[in-house]
Amino acid sequence: MKKLKIFFQLWIVLTLVGCTAEQYETTGEKAITNLVATLPPTTRTHLNSTAVEWDVTDELGVFSDAQSAITRYTYSSKADNGAIFKGDKVEGTTSFYAIYPYNAASTVNGTKVTYTLPSKQPYVQGSFAPGICPMAATSSDQNFFFKQTCGLIRLNLTGNGTVKKIVLQGNNNEVLAGTGEIDLAATQPEFSISANASETSKSISVDCDIQLSATATVFYFVIPAQNFTKGLNITVSGTFDGQEKELLNEGGNSQRDVLVAFYEAMGGDKWTKKTNWCTDADLSQWEGVSVDYQGNVIGLYLRANNLVGEIPACIGELTK
């Protein structure tokens, strides 16, 4: 009997936090030698409980509409709701651009900058690895508001055994790692990899040596924002019940995934009652969701809740 239970929650297309359009000056010259970088509540260089903060090891790459060479800016000190980064002077006229993390190998083409997402991602307890998840910001002065450009997949594992390796793959040949681009001037910048790009990978792996227990251990994958039209396969390798084994999740959606898809398809952001939806809370605590003693979803009670849209086909996967 398998004692490893796999629960995974997907954020396939990350909802990015936007900011209001700024009115830029169209004449004159500007320059910055330090900048103030802030993070919205859903954007982080790494996870640290509920804190939203920069790390002292963080570095940014900065360029402008008049200076395409990327200049490295390093963490200097904390600031209100963010941090101050310092670097050599960058001159511009109306727009400055910043990318996290800084990489000397990155190149600039207009407002687009290259970034390489690794196919092997380090395990960090309770977080994804710092410097893995890229962010982008545009500003007319020294104040930069960063936005996430990738998606996150969180995998919760409980049971008896030791996890040695986890491999994530899409079922429709989705490209999950490699060198791609981010358009920093986009309203909602996203990291994307061309299907024709060289040195791409259709899998992401995390190597580790983690002893599981009854309390869930969390693993994170950083992926390009996209839809997995045919689901995912997750292979967990390690020692279970005293034997070396590979346990395969066949790629179907979890109940949580189905409910999140339902929420997005039915305009959940505008629902009048949506307490705990799309959060880490147990499904029984999602408003209007009824579950049985085994945790199976057995009913949705969302009357007069402003549902608008087409019910997704995956709702049929809630077989109870």
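Residue positions are counted from 1 within each chain, in the order its sequence is given. Selection of residues for local features in this predicted model requires a pLDDT of at least 70, selection of side-chain atom pairs for listing and counting requires 80 or more, and totals for whole chains, interfaces and linings are taken over all residues. In computing side-chain properties, one takes all heavy atoms of the structure into account and sets aside hydrogens as well as water.

### Description of the pattern of salt bridges
Proximity of charged atoms lets side chains of opposite charge pair with each other.
Here is step 1 of the chain: We define a salt bridge as a contact between a side-chain nitrogen of Lys or Arg and a carboxyl oxygen of Asp or Glu at a distance within 4 Å. Counted according to the given criterion, the structure contains 3 salt bridges.
Here is step 2 of the chain: We note a salt bridge from Lys89 to Glu91, for which the minimum N-O separation is 3.5 Å.
Here is step 3 of the chain: Buried residues are those whose accessible area, probed at 1.4 Å on protein chains only, stays under 20% of the maximum for their type, while exposed residues exceed 50% and partly exposed ones sit between those limits. Lys89 sits in the partly exposed class, given a relative accessible area of 48%.
Here is step 4 of the chain: Measuring nitrogen to oxygen at the nearest pair gives 3.1 Å for the salt bridge that ties Asp209 to Lys164. In this pair, Asp209 is assigned in strand E16 (residues 203-211) and Lys164 in strand E13 (residues 162-170), connecting sequence segments 45 residues apart.
Here is step 5 of the chain: Residue Asp209 is classed as exposed on the basis of its relative accessible area, which comes to 54%.
Here is step 6 of the chain: Judged by its relative accessible area of 35%, Lys164 is partly exposed. Each helix is a run of H or I in the DSSP string that is no shorter than four residues. Each strand is a run of E no shorter than two, and both are numbered from the N terminus.

### As for the sheet that holds strand E8 (residues 112-117)
Here is step 1 of the chain: Whether two strands pair depends on DSSP finding at least two bridges between them. Ordered in space as E7-E8-E14-E15, the 4 strands form an open sheet in which the pairing is antiparallel. A single partner strand is all that each edge strand has here, and the edge strands are strand E7 (108-109) and strand E15 (191-192).
Here is step 2 of the chain: Where strand E14 (residues 178-183) lies against E15, 2 bridges are found, and the strand directions are antiparallel. Among the inter-strand pairings, Ile182 is bridged to a residue of E15, identified as Phe191.

### Observations concerning the side chain of Gln226
Here is step 1 of the chain: Residue position: Gln226 is located in the loop between strand E17 (217-224) and strand E18 (232-240).
Here is step 2 of the chain: Accessibility expressed as a relative area gives 16% for Gln226, which makes it buried.
Here is step 3 of the chain: Polar contact criterion, stated in full: a pair of N or O atoms within 3.5 Å, where within protein one must be able to donate a hydrogen and the other to accept it, and residues adjacent in sequence count only if both atoms are side-chain atoms. Reaching out from Gln226, the side chain makes a polar contact with the backbone oxygen of Val175 at a distance of 3.2 Å.

### A few points about the environment of Gly159
Here is step 1 of the chain: As for its position among the elements, Gly159 is in the loop between strand E12 (150-158) and E13.
Here is step 2 of the chain: Overall, Gly159 belongs to the buried group, its relative accessible area being 11%.
Here is step 3 of the chain: Residues Gly159 and Ala214 lie 55 residues apart in sequence; the distance between their C-alpha atoms is 5.7 Å.

### Thoughts on the confidence of the model for the chain
Here is step 1 of the chain: Within the chain, residue pLDDT values average 81, and 82% of them lie at 70 or more.
Here is step 2 of the chain: A score between 0 and 100, pLDDT records how confident the predictor is in each residue. Residue contacts follow a heavy-atom distance rule, with two residues in contact if any of their heavy atoms lie within 4.5 Å. Here residues 1-28 is modelled with pLDDT under 50, and outside its nearest four sequence neighbours on either side it reaches 85 contacts, counting other chains as well.

### So, the packing of aromatic side chains
Here is step 1 of the chain: Working definition: rings of Phe, Tyr and Trp (its six-membered ring) pair if their centres are within 6.5 Å, and the pair is stacked with planes under 30 degrees apart, edge-to-face with planes over 60 apart, and tilted otherwise. A complete count under the given rule lists 13 aromatic pairs for this structure.
Here is step 2 of the chain: For the pair Tyr115 and Phe191, a centre-to-centre distance of 5.4 Å together with 90° between the ring planes defines the contact as edge-to-face. Residue Tyr115 is located in strand E8, and its partner Phe191 is located in strand E15; the two are separated by 76 residues in the primary sequence.
Here is step 3 of the chain: Judged by relative accessible area, Tyr115 falls into the buried class, the value being 4%.
Here is step 4 of the chain: Ring geometry for Trp277 and Trp286: centres 5.2 Å apart, planes at 45°, overall tilted.

### Concerning the environment of Asn143
Here is step 1 of the chain: Summarising the element assignment, Asn143 is placed in strand E10 (residues 143-145).
Here is step 2 of the chain: As for Asn143 and Gly82, which are separated by 61 residues in sequence, their C-alpha atoms are 10.0 Å apart.

### Re the pairing of strand E21 (residues 297-300)
Here is step 1 of the chain: Across 3 bridges, the pairing between strand E20 (residues 289-291) and E21 is antiparallel. Paired with Ser290 across the two strands is Gly299, which belongs to E21.
Here is step 2 of the chain: In this structure, the hairpin formed by E20 and E21 is closed by a connection of 5 residues, where Gly295 is found at a positive phi of approximately 90°.

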